[in-house]
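Coordinate inspection notes
Residues per chain are reported as follows:
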Amino acid sequence: MTEQLSLLNGASGSSGNGQSANRSLKNVQPLAYRMRPRKIEEVIGQTDLIGDGKPISMMVAANTLSSMLLYGPPGIGKTSIAQALAGSTNRRFIYFNAANGTKADLQNALAVAKTEPIVLFVDEIHRLDHPKVDLLLASVEDGSVTLIGATTENPFINLPPALRSRMVIYELKPLTKDEILVGLKQALTDTDRGLGQYEATQKIDESKLIYLADRTNGDLRLALSSLEILVKSGAPFDEEHIDATLGAGASKIDNGEDGHYDTIAWYCEAIKSSDVNAALLALGVLLNGNDMESAIRRIEVGLFEDIGVANISLWTPVIDALQVARDVGLPKAQSVLSAVTVSMCLSPKANASTKAIEFAREDAAKDDWQQPDMTRDMHYKGALSLGHGVGFVSAHQFPEHFWGKGLMPKGMENKTYYRPDTKAEAKYRQINDGLRAKMYPNAPKTKPLSADERGCGPKK
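Residues numbered from 1 in each chain as written. Predicted model: local features only at pLDDT ≥ 70, side-chain atom pairs only at ≥ 80, totals over all residues. Heavy atoms only, no water.

Turning our attention to the overall build of the protein chain. The helix and strand tally for the protein chain stands at 20 helices and 6 strands. By the burial criterion, 43% of the 460 residues in the protein chain qualify as buried. Sequence separation of 24 or more characterises 73% of the internal contacts of the protein chain that already satisfy a separation of 6 or more. About 24,800 Å² of surface is accessible on the protein chain, with carbon and sulfur atoms providing 52% of the total. (Helix = DSSP H or I, 4+ residues; strand = E, 2+ residues; numbered from the N terminus. Buried < 20%, exposed > 50% of the residue type's maximum accessible area, 1.4 Å probe, protein only. Contact = heavy atoms within 4.5 Å. Areas by Shrake-Rupley, 256 points an atom, 1.4 Å probe, with all protein chains shown as cover.)

Quick look at the structure:
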């Protein structure tokens, strides 16, 4: 049986007073909390992970859980999946919030793991500090604790590598409108945990339920919260009152099944395509969902990936502005992000430097070349006897700080990775071609990137 252990007050007792307190607590628990699935079969959505032959269901069938990280936007079932996994595998469920939980709380949880199997659910796991991470590592490594972390942040950026490497990462998607509708109907018919005992539920028009499901943009928690307010208050179940209960929590734009990720993709493409208005509208959707960090991360990537060396003068101002946005937070940060978005949309763009490292990495992965001996490390005794560093002359010894000899491996002298666009990077093309002609006089001239190589050719 799944049991949530309070890390601050210990496990709940069995006295009459404790049972009375639990009954009183149930009366004020939010509907979304009461309707959480008790078994993995009750989880709504996430069909890529749950179902016949899917990874999480296979773990349950084998009664063998791996530590995992559940990554995705709010309200899509990260906590629910963790709790359902504990219920389906007869492990105790222990909740720990990385934002406000203490090291002593974590030690208490690990002590329980010495006496019985547990699922330790760490919410906002990206906020764990180093001492708590160090405390967890050994228990996760030896399997004495099944750690399930949840985050809305990119784990490849915001999670310590040592912890991330010990967890399977699963990306959760926003629920579809139909999946949200399933959750709403379950809550309306459940007389124990849901709202089935209220007469008002019999008068709800399904079209209005569909409207509610459509407006919550994949967030089941938000949908259930709105439903509970409307049913218990006795307010008319119509579009006006649904919108009033949702407030600014739901996007005005129907982004479909993958709304959160589609909006981020839309924002990136609008900046890349220099469509200021589309970029600002997509930014507005992200900010209405309080997702400033996604916008900031995409700006950071796009600054170097899409603008690149076509506008180096923009790098420092944008990076400084993003720090200001983080410092002041929303709502004031919206002015900062708007200015950055406009400047990036109107900036010249080129991705030749991005493509250059992609081409270089393809060759770097091959084993049919050798680094020139003259470029090898010679700062140890015996290096010269191996021929390492022999013949190398520092470019700084020449008047123009240019040696004039190329350092590409033998047989790769004609390779060209950086191929700047003739317009956006004209000055870099001129410098690059001049230097290349001096270093490799017999090499063919550099050709600019084709449309396919720039990633803008017709889709096949």
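Attention shifts here to helix H5 (residues 103-113). Buried within H5 are the following residues: Asp105, Leu106, Ala109, Leu110, Val112 and Ala113. Along the axis of H5, the buried residues cluster in a sector spanning 155°; they form a single face. (Arc of directions from axis to C-beta.)

Turning our eyes to something else, we now look at the pattern of salt bridges. A complete count under the given rule lists 19 salt bridges for this structure. Residue Arg297 is joined to Glu153 by a salt bridge in which the shortest nitrogen-to-oxygen separation is 2.9 Å. Within this pair, whereas Arg297 is found in helix H15 (residues 292-307), its partner Glu153 is found in the loop between strand S5 (146-151) and helix H7 (155-158), the two being separated by 144 residues in sequence. Look at Arg297 and you get buried, because its relative accessible area is 11%. With a closest N to O distance of 3.3 Å, Lys272 and Glu269 form a salt bridge. Within this pair, Lys272 and its partner Glu269 are both found in helix H13 (residues 259-272), separated by 3 residues, close to a single helical turn. Using a relative accessible area of 41% as the deciding quantity, one classes Glu269 as partly exposed. One salt-bridge network, held together by shared partners, links Arg34, Glu228 and Lys232. (Salt bridge = Lys/Arg side-chain N within 4 Å of Asp/Glu carboxyl O.)

Now for helix H16 (residues 315-328). For an α-helix, 3.6 residues make a turn, and residues three or four places apart therefore share a direction. Over its 14 residues, H16 extends 20 Å from the first C-alpha to the last, a length consistent with the 20 Å expected when each residue adds 1.5 Å. Taken together, the buried positions of H16 are occupied by Val318, Ala321, Leu322 and Ala325. Looking down the long axis of H16, one finds its buried residues gathered within 100° of arc, a one-sided arrangement. In H16, the exposed positions angled more than 90 degrees off the buried face are occupied by Thr316 and Asp327. If you follow the buried residues of H16, they end up packed against H15 and helix H17 (333-345). Where H16 ends, the next residue or the one after it, Gly329, has phi of about 65°, a positive value. (Expected span 1.5 Å × (residues − 1).)

Glancing now at the packing of H16 against H17. H17 packs onto H16 with a crossing angle of 160° between their chain directions and a minimal axis gap of 8 Å. If you check the angle between H16 and H17, you find them roughly antiparallel. Helix-helix and strand crossings are classified by hand; for H16 and H17 the assignment is left-handed. Touching Val318, Ala321, Leu322, Val324, Ala325 and Val328 of H16 are Ala333, Val336, Leu337, Val340 and Met344, all from H17. (Axes fitted to C-alpha atoms, helices over the stretch in contact; angles between N-to-C directions. Parallel < 35°, antiparallel > 145°, perpendicular 65-115°, else oblique. Left-handed = near helix turned anticlockwise from the far one by under 90°.)

This part takes up the packing of helix H9 (residues 177-189) against helix H11 (residues 220-233). Closest axis-to-axis distance for the H9/H11 pair is 10 Å, and the angle between their directions is 35°. The element H9 and its partner H11 pack so that their crossing is right-handed. Residues Ile180, Gly183, Leu184, Ala187 and Leu188 of H9 form the contact with H11, whose participating residues are Leu220, Ala223, Leu224, Leu227 and Val231. In the contact of H9 with H11, the residues fall into 9 nonpolar, 1 polar and no charged. (Nonpolar A, V, L, I, M, F, W, Y, C, P; charged D, E, K, R; others polar.)

This part covers the packing of aromatic side chains. As enumerated under the stated definition, the model contains 3 aromatic pairs in all. Taking the centre distance of 5.8 Å and the plane angle of 35° together, the rings of Tyr95 and Phe121 count as tilted. Of the two residues, Tyr95 is situated in strand S3 (residues 92-97) and Phe121 in strand S4 (residues 118-123); the sequence distance between them amounts to 26 residues. Note on Tyr95: relative accessible area 26%, which makes it partly exposed. (Phe/Tyr/Trp six-rings, centres within 6.5 Å; stacked < 30°, edge-to-face > 60°.)

Now for the nonpolar core. In terms of nonpolar packing, the biggest core is built from 29 residues, with Tyr267, Ile299, Val318, Leu337 and Met344 touching the most fellow members. Elements with a contribution of two residues or more to this core: H13, helix H14 (276-288), H15, H16 and H17. Apart from residues no more than four positions distant in its own chain, Leu337 is found in contact with Leu283, Leu287, Met292, Ile296, Ile299, Leu322 and Ala325. Judged by nonpolar contacts, the second largest core, of 26 residues, contains Leu175, Leu220, Ala223 and Leu224. (Core = buried A, V, L, I, M, F, W, Y, C linked by side-chain atoms within 4.5 Å.)

With that settled, consider the confidence of the model for the protein chain. Scored by pLDDT, the protein chain has a mean of 84; 89% of the residues are at 70 or more. Low pLDDT (under 50) marks residues 1-21, which in the prediction has 34 contacts with non-local residues, meaning those over four places away or in another chain. In this model residues 252-258 is a low-confidence stretch, pLDDT under 50, and it forms 15 contacts with partners more than four residues away in sequence or in other chains. (pLDDT = per-residue confidence, 0-100.)

Moving on to the side chain of Thr146. Tracing the chain through its elements places Thr146 in strand S5. Beyond its immediate stretch of four places on either side in the chain, Thr146 contacts Leu65, Ser66, Ser67, Arg91, Ile118, Val119 and Leu120.

What follows is about the side chain of Ser226. Note that Ser226 resides in helix H11. On the accessibility criterion, Ser226 (1% relative accessible area) is buried. Excluding its chain neighbours within four sequence positions, the residues that come into contact with Ser226 are Leu212, Ile242, Thr245 and Leu246.

Let's shift gears to the environment of Asp178. The topology assignment puts Asp178 in helix H9. Looking at Asp178, the relative accessible area reads 56%, which means it is exposed. Taking the C-alpha atoms as reference points, Asp178 and Ile210, separated by 32 residues in sequence, lie 8.2 Å from one another.

Next up on the list: the pairing of S5. Among the 6 residues of S5, 6 are classified as buried, and the element is accordingly described as predominantly covered. Going residue by residue along S5, you find Thr146, Ile148 and Ala150 tucked away on one face and Leu147, Gly149 and Thr151 tucked away on the opposite face as well. Here 4 bridges tie strand S2 (residues 68-71) to S5, and the two strands are oriented parallel to one another. Note on S5: the bridge partner recorded for Leu70 is Ala150. In this view, the connection linking S4 to its parallel neighbour S5 by way of helix H6 (residues 130-142) has right-handed handedness. (Pairing = 2+ DSSP bridges. Right-handed = clockwise from strand over helix to strand, strands pointing away.)

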